[in-house]
Structures are given as structure tokens and as C-alpha cells.
Amino acid sequence: MSLKAGIVGLPNVGKSTLFNALTAAKAEAANYPFCTIDPNVGVVTVPDERLDKIAQLVKPQKVVPTVMEFVDIAGLVAGASKGEGLGNQFLANIRETDAILHVVRCFEDSNVVHVAGSVDPLRDIGTINTELVLADLDSVDKRLKRIEKAAQSSKDVNLKLEYGLVKKVWTALNEGQPARSITIDEGEEPFLHELHLLTTKPVLYVCNVAEGDYTSLGTGNKSQWIKQVEDHATREGNQSVAICSAIEAEIAQLPEEERLEFIQSLGMKEPGLHRLIRESYKLLNLITYFTAGPKEVRAWTIRKGTKAPQAAGVIHSDFERGFIRAETYHCDDLFELKNEAAVKEAGKYRSEGKDYVVRDGDVMLFRFNV
């Protein structure tokens, strides 16, 4: 499953520094090296210590983590929905992503000019969100005008469903509310998906903080700006995370053997990028299952609630089409008992059918016939 998150924000908030830190951290992904698809698109691994622990016990020839794509989208400005600052081009790039990472400036620095003249996270969030709403409103308004007359005179049930959904979305956007704020009735979801709206995407607010604020996070101290963003995210039903792009860029440039010592000297247990990647992963309600054998230990991405045949289909469509059963156990059982034979002996190894809902951390072997 391919997951793509777009990094957005005003100019000079630290977006590109964050993206560059992500791309420079490629040394941590020895078996799935970072690759650049376009100058502003990169693939990075999702850090998961369970994969490493499974590999230590199974001792495979190869280890393959699951991955995410990050897209660095040029700084949006007020008026982007009308084309200011090449806004239309960048808004189109956001439409192609699954989630939005909204970088918010939460630091003072006289050497880094703020486009609005001062640091105000909530004002900046409002500027970006307004542009996303206006861009969606323009798109939905065109759609509404195309189908309104036909829907009012037609007996086509699907057309009427679509019109009702589009009208509902148009009303919300016209009131300055994101499309995700509306209640979806039965049968309307496919029509909402077809609109490819920016404001239906889940958002992770990334507080880019000063070094002093970042090092104090480990003690539970948070700046007022971080608290403001956290409260705003909670009200929206979204998530937030605090990092320091400058520190992350510095960590990413260090030799791998020196990174942990540097991170610990800051009072942190891991790079902030690890938390950012994991939070981005969770943002879309994703989980990981594993396949493990002497040739390869590999992590696979699926949506939470996915059943065994569909999880098998992530590996290959033939696995889903010819699904017979899934042989599975949880990675925690392997960590406790040290090998698969002991897992079987303890009665933890199970055979599951097509209705089995895969759990995060399951180790799976699929039996199929085509």
C-alpha cells in the first residue's frame, strides 16, 4: 500500500528543512534506501523496532521495512486558491496526497523573516486552512453548477444522491468549514471520494520549535505556542507533534553510530523524525503485519480492520484471489518464546479463515491456490 503525505505550510516555517532531514536520514534504511521520485518527493522507511527484533530471531537473508512517501509542497501564501505564488499548481500536488502534514512555525528567530511579520501559529493555521477551503469551494461550486439542473428534474437515484452530497459540502465550505466536518449519509461516500477534496484529508500539525523548546519536551514542558496548536488539533479531531527541524537536520547528517549519543545528550530517546513518521502512519489508521522466513522478513501496510484475504492481496492479487487460510501468530509471542517452533508448541500458532481481522503485529503465512 502506497502512502503519500504532503508537507505544507507558509514560507519560512521550516518545511524544506524538515523534508531535507527526512531525505538525509536514509542511512537508517540500509535495506530499503531512500529514493527520490521527483526533486520534492522522497520515500522513507517507517521505523518499527518489532521488525528488527523479528529479524534478530529469524535471521533472514533480507529485511524489508514498510515505507511512506513525503512530498515537499512549496510554501502556500494567502491567495493561493486564486493562483497567488503559483498556488494552483501546489494545491494540485496536495490533492494527490493521502494526508497533510501542516508545518507551523512555533519559534522566534530574527534571522528568519516571517511572511506575516510575527509568529502566531493559530493565525498561520487559519491562513492555510482558509486557502484549502477556498480551493475546495471553487471545485465544488463548479460541480454543483454542472449537475444541479439535471438532478432536480431527474429520477436517477444516484444523481440525486450526488447532488445532495455536493450541496451539503458546498454549504459547509461556504461557511468556512472543511468538508470533513459534514455528516456522510449512507451511499454518499463514493461521491465524496470522487471530488478529491483537500479538506477531507486528515491533518497532522507539526510544531517546528526552537532548540531550547525541543529539549524541554522530554521533561513535559511545552511552550504556549505548542499548547495552542495541540488544542486546535484536538478541536478539529486531528493530531499534532512537536519537532525541531534544525536539530533533525543536524542528526541526519551525523554518522549513524554517533546519532544515538547525540540524541541522548538532548534528553530524547529517538529522533523526532521517528515520531513524525509513526504519527503520519497512524494518521490514516494504518497498521503493520509481518511475513517472516529464512529468505526475508518484511513489514506490510494495511488499513486497520482489514481481513486476511485482503491483507494477502497487498502481497499479490493471486494471494487474495486463491486465499485458503492464514497461518498466524503475534510477534509478541515470538519475542517471548524466541522461535516459531516454541510458538507452535505453546499453542499460539493459529489457522484463520477469510473472516479473520488482521491485528497490528501479526506474523502471517498465507495459503492459497490459483
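Going along each chain's sequence as written, the residues are numbered from 1 onward. Residue-level local features of this predicted model are given only where pLDDT is at least 70; pairs of side-chain atoms are given and counted only at 80 or more, and the full residue set underlies all totals for whole chains, interfaces and linings. No hydrogens and no water enter the side-chain calculation; it runs on all heavy atoms of the structure.

> It is not clear to me how unusual backbone geometry should be interpreted in this structure. Could you clarify?
For residues other than glycine, phi is negative in most cases, and the peptide bonds are mostly trans. The backbone of H196 shows a phi angle near 50 degrees, a positive value even though the residue is not glycine. For the purposes of this entry, the term helix denotes a DSSP run of H or I that reaches at least four residues, the term strand denotes a run of E that reaches at least two, and both are numbered from the N terminus. Structurally, the position occupied by H196 is in the loop between α6 (189–195) and β7 (203–209).

> Looking at this structure, I do not really get the packing of aromatic side chains. What am I missing?
Pairing of aromatic side chains here covers Phe, Tyr and the six-membered ring of Trp, requires ring centres within 6.5 Å, and sorts the geometry by plane angle: under 30 degrees stacked, over 60 edge-to-face, intermediate tilted. On inspection of all chains with the given rule, the structure shows four aromatic pairs. Both rings, one in Y289 and one in F366, keep their centres 5.8 Å apart while their planes meet at 85 degrees; by these two values the pair is edge-to-face. Taken as a pair, Y289 in strand β9 (residues 286–292) and F366 in strand β13 (residues 362–368) lie far apart in primary sequence, 77 residues in all. Accessibility expressed as a relative area gives 8% for F366, which makes it buried. Through successive ring pairs, a cluster of aromatic residues spans Y289, F323 and F366. The criterion is that NZ of a Lys, or CZ of an Arg, lies within 6 Å of the ring centre and within 35 degrees of the ring normal, and then a charge sits over that ring. Above the face of the W300 ring, R298 is positioned so that its terminal group lies 4.4 Å from the ring centre. Taking the ring centre of Y349 as reference, the NZ or CZ of K344 above it sits at 4.8 Å. Per-residue accessibility, obtained with a 1.4 Å probe over protein chains only, is compared with the maximum for each type, and a residue is labelled buried under 20%, exposed over 50%, and partly exposed between these values.

> Whenever I open this one, the pattern of salt bridges confuses me. Can you help?
A side chain of one charge can pair with a side chain of the opposite charge when the charged atoms of the two come close. Note on definitions: salt bridges are taken to be side-chain nitrogens of Lys or Arg within 4 Å of carboxyl oxygens of Asp or Glu. Following the criterion strictly, the structure yields 24 salt bridges and no others. For the salt bridge of K222 with E230, the shortest nitrogen-to-oxygen distance reads 2.9 Å. Since its relative accessible area comes to 38%, K222 is described here as partly exposed. Ionic pairing is found between E270 and R278, a salt bridge with its closest N-O pair at 2.3 Å. Several salt bridges share partner residues, and in doing so they unite D48, R50 and D360 into one network.

> Is there a simple way to think about the nonpolar core in this case?
Side chains that are nonpolar tend, in soluble globular proteins, to be buried together. The biggest cluster of nonpolar side chains holds 56 residues, and the ones touching the most others in it are F70 and V206. Filtering out sequence-adjacent residues up to four positions away, V206 remains in contact with L18, L101, H102, V103, V104, V241, I243 and L276. Counting 19 residues, the second-largest nonpolar core is a separate cluster that includes L159, V166, V169 and L195. The nonpolar core is taken to be a set of buried Ala, Val, Leu, Ile, Met, Phe, Trp, Tyr and Cys residues, with the residues joined through side-chain atoms within 4.5 Å. The contact criterion used throughout is that any non-hydrogen atoms of two residues lie within 4.5 Å.

> Before we go on, may I ask you to explain the layout of surface pockets in this structure?
In this approach, a probe sized like a water molecule rolls over the atoms, and the result shows the empty space that is left. With a 1 Å grid laid over protein atoms only, a set of points is called a cavity when a 1.4 Å probe fits there but cannot get out and a pocket when it is open yet has protein on both sides within 12 Å along at least five of seven lines; lining residues have an atom within 4 Å of a point. Grid points are joined across faces, edges and corners, and a volume is the space filled by probe spheres set on the points. Here the second largest pocket defines a volume of roughly 460 Å³. Taken together, 14 residues make up the lining of the second largest pocket; nearest its centre are L192, H193, L197, T200 and K201. At three residues, the largest contribution of residues to the lining of the second largest pocket is made by α6.

> What should I look at first to understand the packing of helix α4 (residues 121–153) against helix α8 (residues 224–236) in this one?
At a minimum axis distance of 9 Å, the contact between α4 and α8 shows a crossing angle of 40 degrees. In terms of orientation, α4 and α8 fall into the oblique class. From α4, P121, L122, I125 and N129 reach across to α8, where they touch W225, Q228, V229, H232 and E236. Gly is put with the polar residues, along with every residue not named as nonpolar or charged; the nonpolar set is Ala, Val, Leu, Ile, Met, Phe, Trp, Tyr, Cys and Pro, and the charged set is Asp, Glu, Lys and Arg. Taken together, the residues that form the contact of α4 with α8 break down as five nonpolar, three polar and one charged. Convention adopted: a line fitted to C-alpha atoms gives each axis, helices being fitted over their contacting stretch, and angles between N-to-C directions are expressed from 0 to 180 degrees. Should an angle lie under 35 degrees it is considered roughly parallel, over 145 roughly antiparallel, and from 65 to 115 roughly perpendicular; all remaining angles are considered oblique.

> Help me out: how do you make sense of the side chain of E188 in this one?
Locating E188 in the fold gives a position in the loop between α5 (157–174) and α6. Sequence-distant contacts of E188, defined by excluding residues within four places in its chain, comprise L161, G164, L165, K168 and T183.

> What should I look at first to understand helix α9 (residues 245–253) in this one?
Because each turn of an α-helix spans 3.6 residues, side chains separated by three or four positions in sequence point in the same direction. Looking at α9, one finds that the buried residues are S245, I247, E248, I251 and A252. Projected onto a plane normal to the axis of α9, the buried residues spread over an arc of 160 degrees and lie on a single side. Looking at α9, the residues exposed on the side facing more than 90 degrees away from the buried face are A246 and Q253. It is the directions from the helix axis to the C-beta atoms whose arc is reported.

> Can you help me understand the packing of helix α1 (residues 15–24) against α9 in this one?
In a pair of packed helices, the angle between the axes and the distance between the axes together describe the arrangement. Close contact between α1 and α9 brings their axes to 8 Å; oriented N to C, the two are set at 20 degrees. Accordingly, the angle class assigned to the pair α1 and α9 is roughly parallel. Considering only the axes of α1 and α9, their crossing is left-handed. Contacts from T17, L18, A21 and A24 in α1 reach S245, A246, E248, A249, A252 and Q253 in α9. Partitioning the contact of α1 with α9 into residue classes produces six nonpolar, three polar and one charged. Each crossing gets its handedness from the near helix: less than a right angle anticlockwise from the far helix is left-handed, clockwise is right-handed.

> Would you explain helix α12 (residues 308–315) in this entry?
Residues of α12 that are buried include every one of A308, P309, A311 and A312, and no others. For α12, the angular spread of the buried residues around the axis is 160 degrees, confining them to a single face. Contact partners of the buried residues in α12: β9, β10 (296–303), α13 (317–321), β11 (323–330) and β13.

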